[in-house]
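Letter by letter, the chains look like this.
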Amino acid sequence: MKNRNSLAYSGRFCGHLSLFALFAATAQAQQGGQEPFQLPDLIFQSNRDAVPIDEVPRAVKSINEEEVEEAAKTSTNFSQILPQIIPGFGTPVFQNATRGLTLRGRDPLFLIDGIPLSSAFGVQFQYFDQKVIGDIEVLYGPTALYGQGASGGVIQFFTKDPTDEQINRISTGFTTSLANGSAFDVESLSYRLSAESSGRIDALGYVGVVSLESHGAHFQPDGQRIAPTRLDDFDDASVFGKLVYDIDAAQSFEGVLSYSRSRARATDYTNTASAGPDPTAVAILAPQQYADEPTQEGIYASLSYLNSDLAGGDFKFQLYYSSEELTQIGSDIRSRQIAAGGTLPDFWPGLWQTNGDAEAFGVRVDYSFAVTDAFKLNIGADYRDESEALLVGISDPAVFDATGLFDATSSGPQAPPVDIESYGIFAQGTWDVSPAVTLTGGVRYDRFDYVVGPADPVFSRDPGLRPGGTGDADGFSFNLGVLYDVSPNTTLFASFAQGFSLPGINFAAGAVDPCVPLSGTSLLEPIVGDSYEVGVRGSVGLTNYAFAAFYAESDLGSTVSVDPATGGGRLDRAPQRNYGFEFEAARPISETVNLGVGVSWNDGENDRDNDGEYLALSSLTVLPLKISLQADWQATPRMNVNAGIFYLGDRDRAFDDGVDSFEAEGYVTADIGMTYAFDHGGELSVQVSNLFNESYIPLESQSRFGVTADRRFAGPGRELAVNYSFEF
C-alpha cells in the first residue's frame, strides 16, 4: 500500500500526533490554506519488521523520544506516567512494579530492545533508567509474533541510537511536595542528575548514559507522609552503554550493556493505617535495621548482528542475557493477624521480607524479504531459558521488638522455584492486493518445557508440600488482518489474532493443592485466546484520529482477583471474555495551540465456577472509563506551556457480583507545566502535578487490604518538579 497518509501516534500529547511534528505541520497548513497537513511516515518496529505504522492492521501506538522526555519531567517512574498516556493500559501506580497494569484487561509482554522484561516478581521498571529510552511502541491485543506473555499485547521500549553528530547533555532536577502542611518539606525532596553522550567516530557509533536519583518521601494532600512505597528513601544509580559498529553500508554489530541498582537510603519509617472509614497507609517513625538491606539490582546485555541486504532480505540476529535481584523492605503483619480474627492464618510469618532472583538468556532471529513486488514475508525464531526463585526472609519477633532488626534468620518459599525453556517459530506475510487493500496473515508455533521445584509456600492458606515436577505445552496461533484505504486520509482495518502463552508458572504452581502433582491441575494449562478487532484511523481537516474496538475470549483464561479473606492475589483459570475500545484524537486550534484527547474503556467476565454464569472480572485487572485531555501552547518561540487532565471513572460491577470486596472509585487530577529554551542550549522545565491537591486513592491501592493493607497508598498531593538540562 503506497503513499498512504501516515498517522503518527504520540505519547505525552494524547492524540495520535507527534507534538513537534504537529506544531510544524499546523503552521504550514494554516499558511497554505485549506489543505489538511500530512506527517512523515512513521516506522513501527514491534511488528518484528520495520514497516510504516499505517500498514499494521491493528491498534498501535508509538511514543517518540521527545514525548518520553516530556512525560518524565513530572516523574521518572514508568508505572506512574505510562498509564496516563497509553489508552487501555492500567491506571497510575506510585510504585515501581506493574501490579494492575493490564492492557485491554490482560497481561502485556514488556520488552526492551527485544529482551522480555518478566520475572517471578513482576516487571520492575527501575531495572533500566528512563534517560536511556528513545521510543516506546504499543501493539494492542494478543500476537503470534512474540509468544509468551503477550495475551494483552506488547509494550516495547527502544533504547537511544547514536546520533550522527556528537551531543553531550547534562540534566539535573528536583521534586518536592506542595501539599498542605508539607510544602517544601526537606524529607519530600528528590534529586536527579544524569550525563549523556552520543555520537560517531568513523564507523563506530556510541551512546553512554550515567544517572543518579535520590528519592524523597511523598505526602498526602492533607500533609500526612505516605507510607514507604519501595521508591521513597531509595537511591538509584544506573550506567548504560551502546556501541554500533558499521561493517559496511548494509551490515552492523550492536552491543548493549545496562546496569542499575536501587538501595534503601534510610529505613526510619514504617507503615500504619490512618484513622477513619477509608484508611490509607501512612508513615510512622519506627527506625528499622536490616541484615539483608533492601536493594534491587538489574543487568541486561545484548549482542546483535544486522544485515539489510542478505540475499536481498533484511536479517537480524540477537543474543541476550538479563538478571534481576530483589530484596524488599520488611513487613510486619502481626497486628493485622490479630485484628483479622483468624482470616489471616497465625502460622504465616509475622515479620518478613521478599527476596527474588531471576535470570534469563535467549536468542532471536528475524529474516524478512520480498517474494514479489506485492508480497513480503517475515520469518523468525526465538529461544529463551529463564529461571526464577522467590523466597521470604523470616525474622525473629523477639529480636525485632528489642532492636528493630529484620534479622532474616530463616526463610521459606513465597512461590515454587521455576525453570522455563521456550521455543517459537513464526511466519508473517503482507500482500498488497491492490493500491487500496492490504492483507496480512501469519502463524506461530510455541513450545514450553518447565520444571517446578517442590515447595511449601509460606503464605498458602493450605500448608503442605507441593511436589512440583515437569510439564510442557505447545500449540499454534494464527492471525489475519486487512486494511482498506477508503480515501487518502482514511483507513479501515480489521483483524483476528490468537495468543498462546503460559500463566505465571510460579504463581500458578503455588496455588496447586498440597500433594497434587502438576498433571492433576488445570492451573498451569496454556492460555489460548482469540481476539477480534475493528478500527479506523485517519484525518478530517486538521484533526487526526484513531478508534479501535475489540472482543477477546479464552476457553481457559487467566486473571487475578483479590482474595476477600486475605487481600492477596488469587489466580482464576476459567472461561473468560474481554471487550472495549480506545479512541484518540488531536487537533491544532491555532498556530500556537494544540489539543488532544485519549479515551478508553474495557470490561469483561469469567465463569469461575464453570456453571455457565459469567461474573465481572476484578477491577484490579479491568479498567473503568479512562480519559486524558492535553493542551499545548507555544506562548513564545522559546516558551511552551502544557496542561493535562486525567479522569478515571467508577466501577462497581465486580463488587456487586461478589468478586471484589471494594468498589472502584474514580478521581480527577490536573497537571500544568512550562518549558523555556535558552540561547546557550539550556532548557528549564517547571511542572506541577495534582494542581488542585485532590485527595484520591489509586485504583491499585484500593484493592489492598488484609495482608497487603500496609500498601494502601494514597495518591500524592500537589508536587513541584523542576528540571534543567543543557547540551554541548
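Everything below is about the structure shown above.
Please read these numbers as outputs of a predicted model, since none were measured by experiment. (Residues numbered from 1 in each chain as written. Predicted model: local features only at pLDDT ≥ 70, side-chain atom pairs only at ≥ 80, totals over all residues. Heavy atoms only, no water.)

As for the packing of aromatic side chains
Aromatic rings in a pair are described by how distant their centres are and how their planes are angled relative to each other. Defined as follows: Two rings belonging to Phe, Tyr or Trp (six-membered ring only in the last case) form a pair when the distance between their centres is within 6.5 Å. Interplanar angles under 30 degrees mark stacking, angles over 60 mark edge-to-face geometry, and anything in between is tilted. Put simply, DSSP H or I for four residues or longer makes a helix, DSSP E for two residues or longer makes a strand, and each gets a number counted from the N terminus. For every residue, the accessible area (1.4 Å probe, protein chains only) is compared with the maximum for its type, and the residue is labelled buried under 20%, exposed over 50%, or partly exposed between those bounds.
By the definition in use, this model includes 24 aromatic pairs. Measuring from ring centre to ring centre gives 5.1 Å for tyrosine 290 and phenylalanine 406, while their planes differ by 5°; the resulting arrangement is stacked. Remark: phenylalanine 406 occurs in strand β21 (residues 405–406) and tyrosine 290 occurs in strand β15 (residues 289–290); sequence separation between them is 116 residues. Accessibility classification places tyrosine 290 together with phenylalanine 406 in one group, the buried group.

Thoughts on empty space enclosed by the protein
Definition in use: Grid points spaced at 1 Å over the protein atoms alone were grouped into cavities, where a 1.4 Å probe fits but cannot get out, and pockets, open sets with protein on both sides within 12 Å along at least five of seven lines, with lining residues defined by an atom within 4 Å of a point. Grid points are joined across faces, edges and corners, and a volume is the space filled by probe spheres set on the points. We call Asp, Glu, Lys and Arg charged. Ala, Val, Leu, Ile, Met, Phe, Trp, Tyr, Cys and Pro are nonpolar, and the rest, Gly among them, are polar.
Counted according to the given criterion, the structure contains 13 cavities of 30 Å³ or more. Looking at the largest cavity, its volume works out to about 300 Å³. Surrounding the largest cavity, 23 residues form its lining, Gln80, Gln84, Thr669, Asp671 and Ser689 being those nearest its centre. When residues of the lining of the largest cavity are assigned to their parent elements, the largest contribution, four residues, is made by helix α3 (residues 78–85). When its residues are assigned to classes, the lining of the largest cavity shows 10 nonpolar, 10 polar and three charged. In this model, the second largest cavity occupies a volume close to 250 Å³. Surrounding the second largest cavity, 23 residues form its lining, Pro228, Tyr269, Asn271, Ile329 and Gly330 being those nearest its centre. Listed by contribution, the elements that provide at least two residues to the lining of the second largest cavity are β13 (269–273) and β18 (331–332). Residue classes in the lining of the second largest cavity are distributed as eight nonpolar, seven polar and eight charged.

Some points on the side chain of arginine 58
Under the convention used in this document: Two N or O atoms form a polar contact when they lie within 3.5 Å of each other; inside protein one atom must be a possible hydrogen donor and the other a possible acceptor, and for residues adjacent in sequence the pair counts only when both atoms belong to side chains.
Mapped onto the elements, arginine 58 comes out in the loop between β2 (51–52) and β3 (60–63). We classify arginine 58 as buried; its relative accessible area is 10%. Separated by 2.7 Å, the side chain of arginine 58 and the backbone oxygen of tyrosine 140 make a polar contact.

Remarks on a negative patch on the surface
Note the threshold: Excluding any residue in a salt bridge, patches collect residues exceeding 30% relative accessible area, merging like charges within 9 Å and nonpolar Val, Leu, Ile, Met, Phe, Trp and Tyr side chains within 5 Å. Exposure was quantified through the Shrake-Rupley algorithm and a 1.4 Å probe, taking into account, for residues, occlusion by the shown protein chains and nothing else. Salt bridge criterion: a side-chain nitrogen from Lys or Arg within 4 Å of a carboxyl oxygen from Asp or Glu. By the counting rule applied here, Lys and Arg register as positive and Asp and Glu as negative, while His and the ends of each chain are not counted. Taken as the charge location is NZ of Lys, CZ of Arg, CG of Asp or CD of Glu.
A cluster of acidic side chains, namely Asp609, Asp611, Glu613, Asp650, Asp652, Asp656, Asp657, Glu663 and Glu665, defines a negative patch on the protein surface. Its location among the elements puts glutamate 665 in the loop between α7 (653–656) and β33 (667–677).

Concerning the pattern of salt bridges
Scanning all chains against the criterion turns up 32 salt bridges. The partner of aspartate 456 in a salt bridge is arginine 466, and the shortest N-O contact between them spans 4.0 Å. Taken as a pair, aspartate 456 in the loop between β23 (437–452) and β24 (469–487) and arginine 466 in the loop between β23 and β24 lie far apart in primary sequence, 10 residues in all. A relative accessible area of 33% places aspartate 456 in the partly exposed class. Judged by relative accessible area, which is 4%, arginine 466 ranks as buried. Here arginine 577 makes a salt bridge to glutamate 605, at a shortest N to O gap of 2.7 Å. In this pair, arginine 577 is assigned in strand β28 (residues 569–588) and glutamate 605 in strand β29 (residues 593–606), connecting sequence segments 28 residues apart.

Topic: the sheet that holds strand β5 (residues 115–116)
The condition is simple: Here the rule is simple: two strands pair whenever DSSP picks up at least two bridges between them. Contact definition: two residues touch when any of their heavy atoms are within 4.5 Å. Lines fitted to the C-alpha atoms define the axes, with helices restricted to the stretch that makes contact. Angles between their N-to-C directions range from 0 to 180 degrees.
Ordered in space as β3-β6-β7-β4-β5, the five strands form an open sheet in which the pairing is mixed. Edge strands, defined here as strands with exactly one partner in the open sheet, are β3 and β5. In terms of strand pairing, β3 meets strand β6 (residues 133–140) through four bridges, oriented antiparallel. Looking at the pairing, isoleucine 63 lines up with isoleucine 136 of β6. Where α3 meets the sheet, its contacts fall on β3, β6 and β7 (153–159), and the angle it forms with β6 comes to roughly 55°.

Description of unusual backbone geometry
Working note: non-glycine residues mostly have negative phi, and peptide bonds are mostly trans. Even without being a glycine, aspartate 113 presents a positive backbone phi close to 55°. With respect to the element layout, aspartate 113 can be found in the loop between β4 (109–112) and β5. Its relative accessible area of 12% is what places aspartate 113 among the buried residues. Unlike most non-glycine residues, asparagine 610 shows phi in positive territory, near 50°.

Remarks on α3
Taking burial as the measure, the eight residues of α3 include eight buried ones, the bulk of the element. Listed as buried for α3 are Phe78, Ser79, Gln80, Ile81, Leu82, Pro83, Gln84 and Ile85.

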